[in-house]
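Chains, contacts and geometry: an overview
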Amino acid sequence: MSPASDQSDALYGDVIMAHYRNPRRRARLACPDVETEEFNPFCGDRANLQLRLARSDDAAATVQDVSAVAEGCSIIQASASLLADQVCGRTLEQAADLSQLFRDLMQGKPLPPVAVAELGALEALAVVRRYPVRIKCALLPWVALEEGLRRLR
Ligand code: ZN
């Protein structure tokens, strides 16, 4: 293990580094219902997101499958991986609510315990608030999600 990664471990914590090293749900989907990509020209971060929905007559559309591929720093990669894990299985409305909660977390808004519970492992990214230039990195995959949800409506 390099000294650099030891330092990142200390800075960002185990959950972020675990998702950075082994990102979830990177496999591309054969037939996504929507695909979005966001790019931050200032640091070169890129997030590509695919969503596939399951629909039934009597229920709201549910996110059945997610593919999230991020390029760039450890924060965007961890955020994309955590997003993919957490959004899978949610309705579009629940996914939008989660995205808003995550923005609130990044902005340092006080969250009630029920909201913290809803965020689950995403709460590990709260540490990013200590490094304000990195907040954009954490949010980029969520911008891609919000654009995808907007197109699906
Ligand atoms: Zn970044």
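**A look at unusual backbone geometry**
- For Arg25, which is not glycine, the phi dihedral falls at a positive 55 degrees.
- As for its placement among the helices and strands, Arg25 is situated in the loop between helix H2 (14–21) and strand E1 (34–40).

**As for the nonpolar core**
- Residues Ile16, Leu51, Phe102, Met106 and Val128 are the most contacted members of the largest nonpolar core, which totals 47 residues.
- Excluding its chain neighbours within four sequence positions, the residues that come into contact with Leu51 are Leu29, Pro32, Asp33, Val34, Val63, Asp65, Val66, Leu145, Leu149 and Leu152.

**Notes on the environment of Cys31**
- Tracing the chain through its elements places Cys31 in the loop between H2 and E1.
- Along the sequence, Cys31 and Arg21 sit 10 residues apart, while their C-alpha atoms lie 27 Å from each other.

**Here's the deal with H2**
- Within the sequence span of H2, burial applies to Ile16, Met17 and His19. Buried residues of H2, viewed axially, fall in a sector of 165 degrees; they line one side.

**Some thoughts on the packing of helix H3 (residues 74–87) against helix H6 (residues 135–152)**
- For the pair H3 and H6, the least separation of the axes is 7 Å and the interaxial angle reads 40 degrees. By the angle between their axes, H3 is oblique relative to H6. Judged by the twist between their axes, the crossing of H3 over H6 is right-handed. Residue-level contacts link Ile75, Ile76, Ser79, Ala80, Leu83 and Val87 of H3 to Cys137, Ala138, Leu140, Pro141, Trp142 and Leu145 of H6.
- A per-class count over the contact of H3 with H6 returns 11 nonpolar, one polar and no charged.

About the thresholds
Residues numbered from 1 in each chain as written. Predicted model: local features only at pLDDT ≥ 70, side-chain atom pairs only at ≥ 80, totals over all residues. Heavy atoms only, no water. Helix = DSSP H or I, 4+ residues; strand = E, 2+ residues; numbered from the N terminus. Core = buried A, V, L, I, M, F, W, Y, C linked by side-chain atoms within 4.5 Å. Buried < 20%, exposed > 50% of the residue type's maximum accessible area, 1.4 Å probe, protein only. Contact = heavy atoms within 4.5 Å. Arc of directions from axis to C-beta. Axes fitted to C-alpha atoms, helices over the stretch in contact; angles between N-to-C directions. Parallel < 35°, antiparallel > 145°, perpendicular 65-115°, else oblique. Left-handed = near helix turned anticlockwise from the far one by under 90°. Nonpolar A, V, L, I, M, F, W, Y, C, P; charged D, E, K, R; others polar.

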